[in-house]
Amino acid sequence: MQRWRGLEDIPQDWGRSVVTIGSYDGVHRGHQLIIGRAVERARELGVPAVVVTFDPHPSEVVRPGSHPPLLAPHHRRAELMAELGVDALLILPFTTEFSKLSPADFVVKVLVDKLHARVVVEGPNFRFGHKAAGNVAFLTELGATYDYEVDVIDLFVSGEAGGGEPFSSTLTRRLVAEGDVEGASEILGRPHRVEGVVVRGAQRGRELGFPTANVETLPHTAIPADGVYAGWLHAQGEAMPAAISVGTNPQFDGTERTVEAYAIDRVGLDLYGLHVAVDFLAFVRGQAKFDSIDSLLVAIADDVKKARDLIEAAE
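- Labelled according to an unreviewed UniProt entry, the protein chain appears under the name Riboflavin biosynthesis protein, originating from Streptomyces durmitorensis.
- Quoted verbatim from the Sequence similarities (unreviewed entry) field of UniProt, the annotation for the protein chain is "Belongs to the ribF family."

1. Here's the deal with the environment of Ala242
- Relative to the helices and strands, Ala242 is located in strand S10 (residues 238–247).
- Each C-alpha atom of the pair Ala242 and Asp279 lies 9.0 Å from the other, and the pair is 37 residues apart in sequence.

2. Describing the side chain of His74
- By secondary structure assignment, the location of His74 is in helix H3 (residues 74–83).
- We classify His74 as buried; its relative accessible area is 17%.
- Residues in contact with His74, not counting those within four places in the same chain, are Thr53, Phe54, Asp55 and Ile91.

3. What about the sheet that holds strand S7 (residues 192–199)?
- With antiparallel pairing, the 6 strands of this closed barrel are ordered in space as S7-S8-S11-S10-S9-S12. The mean angle between the axes of side-by-side strands here comes to 45°, regardless of whether they run parallel or antiparallel.
- One ladder, built from 4 bridges, connects S7 with strand S8 (residues 213–217); its direction is antiparallel. Note that in S8 the partner of Val197 across the bridge is Glu216.
- Its contacts with the sheet put helix H10 (residues 293–314) on strand S9 (227–235), S10, strand S11 (258–263) and strand S12 (275–286), and the angle it makes with S12 is roughly 105°.

4. Quick look at the nonpolar core
- Leu115 and Leu139 are the most contacted members of the largest nonpolar core, which has 29 residues in total.
- When residues of this core are traced back to their parent elements, those giving at least two are strand S2 (17–21), strand S3 (49–55), strand S4 (88–93), helix H5 (103–112), strand S5 (117–122) and helix H6 (136–146).
- No other element matches the 5 residues that H5 contributes to this core.
- One finds Val27, Val39, Ala42 and Val51 within the second-largest nonpolar core, a separate group that totals 21 residues.

5. Describing the packing of helix H7 (residues 169–178) against helix H8 (residues 181–188)
- H8 packs onto H7 with a crossing angle of 155° between their chain directions and a minimal axis gap of 7 Å. Between H7 and H8, the angle falls in the class roughly antiparallel. Crossing of H7 over H8 shows left-handed handedness. Contacts from Leu171, Thr172, Leu175 and Val176 in H7 reach Gly183, Ala184, Ile187 and Leu188 in H8.
- Class assignment for the residues of the contact of H7 with H8 results in 6 nonpolar, 2 polar and no charged.

6. As for the packing of aromatic side chains
- Inspection of every chain in the model, using the stated rule, returns 10 aromatic pairs.
- When the centroid spacing of 4.8 Å and the interplanar angle of 85° are considered together, the rings of Trp4 and Trp14 count as edge-to-face. Taken together, the positions of Trp4 in strand S1 (residues 2–5) and Trp14 in the loop between S1 and S2 put the pair 10 residues apart, joining distant regions of the chain.
- The interplanar angle of 80° and the centroid separation of 5.3 Å between the aromatic rings of Phe210 and Tyr262 together place this pair among those described as edge-to-face. One end of the pair, Phe210, is in the loop between helix H9 (204–208) and S8; the other, Tyr262, is in strand S11, and 52 residues separate them in sequence. Taken as a pair, Phe210 and Tyr262 share a single burial class, namely buried.

7. Concerning helix H1 (residues 29–45)
- Across its 17 residues, H1 extends 24 Å between first and last C-alpha, which sits within 8% of the 24 Å expected from 1.5 Å per residue.
- Listed in full, the buried residues belonging to H1 are Gly30, His31, Ile34, Ile35, Ala38, Val39, Arg41 and Ala42.
- The inward-facing, buried residues of H1 abut S2, S3, H3, S5, strand S6 (149–152) and H7.
- Just downstream of H1 lies Gly46, where phi reads positive at about 70°.

Conventions we followed
Residues numbered from 1 in each chain as written. Predicted model: local features only at pLDDT ≥ 70, side-chain atom pairs only at ≥ 80, totals over all residues. Heavy atoms only, no water. UniProt positions renumbered as here; feature names shortened; annotations may be inferred. Helix = DSSP H or I, 4+ residues; strand = E, 2+ residues; numbered from the N terminus. Buried < 20%, exposed > 50% of the residue type's maximum accessible area, 1.4 Å probe, protein only. Contact = heavy atoms within 4.5 Å. Pairing = 2+ DSSP bridges. Axes fitted to C-alpha atoms, helices over the stretch in contact; angles between N-to-C directions. Core = buried A, V, L, I, M, F, W, Y, C linked by side-chain atoms within 4.5 Å. Parallel < 35°, antiparallel > 145°, perpendicular 65-115°, else oblique. Left-handed = near helix turned anticlockwise from the far one by under 90°. Nonpolar A, V, L, I, M, F, W, Y, C, P; charged D, E, K, R; others polar. Phe/Tyr/Trp six-rings, centres within 6.5 Å; stacked < 30°, edge-to-face > 60°. Expected span 1.5 Å × (residues − 1).

Right, here's the structure in full:
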């Protein structure tokens, strides 16, 4: 899959294409419907499928300080889109100047002049251009002038997650924040993932016999609620069953939230400085402070057993 950072990266000889535009944070099951449809139409027409997205999140530029927690960084979204068959990903730097483009100018500068759109695939609530003034009806109207078709796909999927609410990135973020990682997984179609570099912590886990990888997460990451979870630690191409702790470590009067993963039954791991990923399978218990270190050790052993059982059942 080709990856372009800005309009100037698009090859000069780029031909017609099928395009879809959106933040696509998480590439959840609703997003997968739209992207899948774009790929399907592209294959039918014998042209590439292109996803257009933005960095930073538009809300951070329009309303500074409002950047939402991210379900997936751009490189992870790119991996997921490539798996769906996308041929090219265009990440547009979202600046104040760019935010002032009228809907018509956006269509001409991006879809017509650069991507030569043959078909544009979007959800029914798609908005674009300055103050989100452009909608699907306007996009379709311009299509008659600029020789492209608009294919509108209902991205709304629903299930048990969120009590039956339509699946969305907003709902997924809420469930992650509440610690309902199983509900988030239903929407995403896979476990929620947190990534970052392993850094040196207080090394108390090592002293207690449960060495953990202390993950310094990427900016704006959607981190689950404080507590203990079952999941996997991905490092050096391996997915290791893990018991994961999120929180401030109240047993030792900690104040900084951390994500720490204990690779179950693994000895001698040295992951310092490596970029790793942590997948959250299921919630085990909330964060707690115990009467003694001995009580803490009993609880950790129980956490590891429960995590192992949950992972074995899932696998």
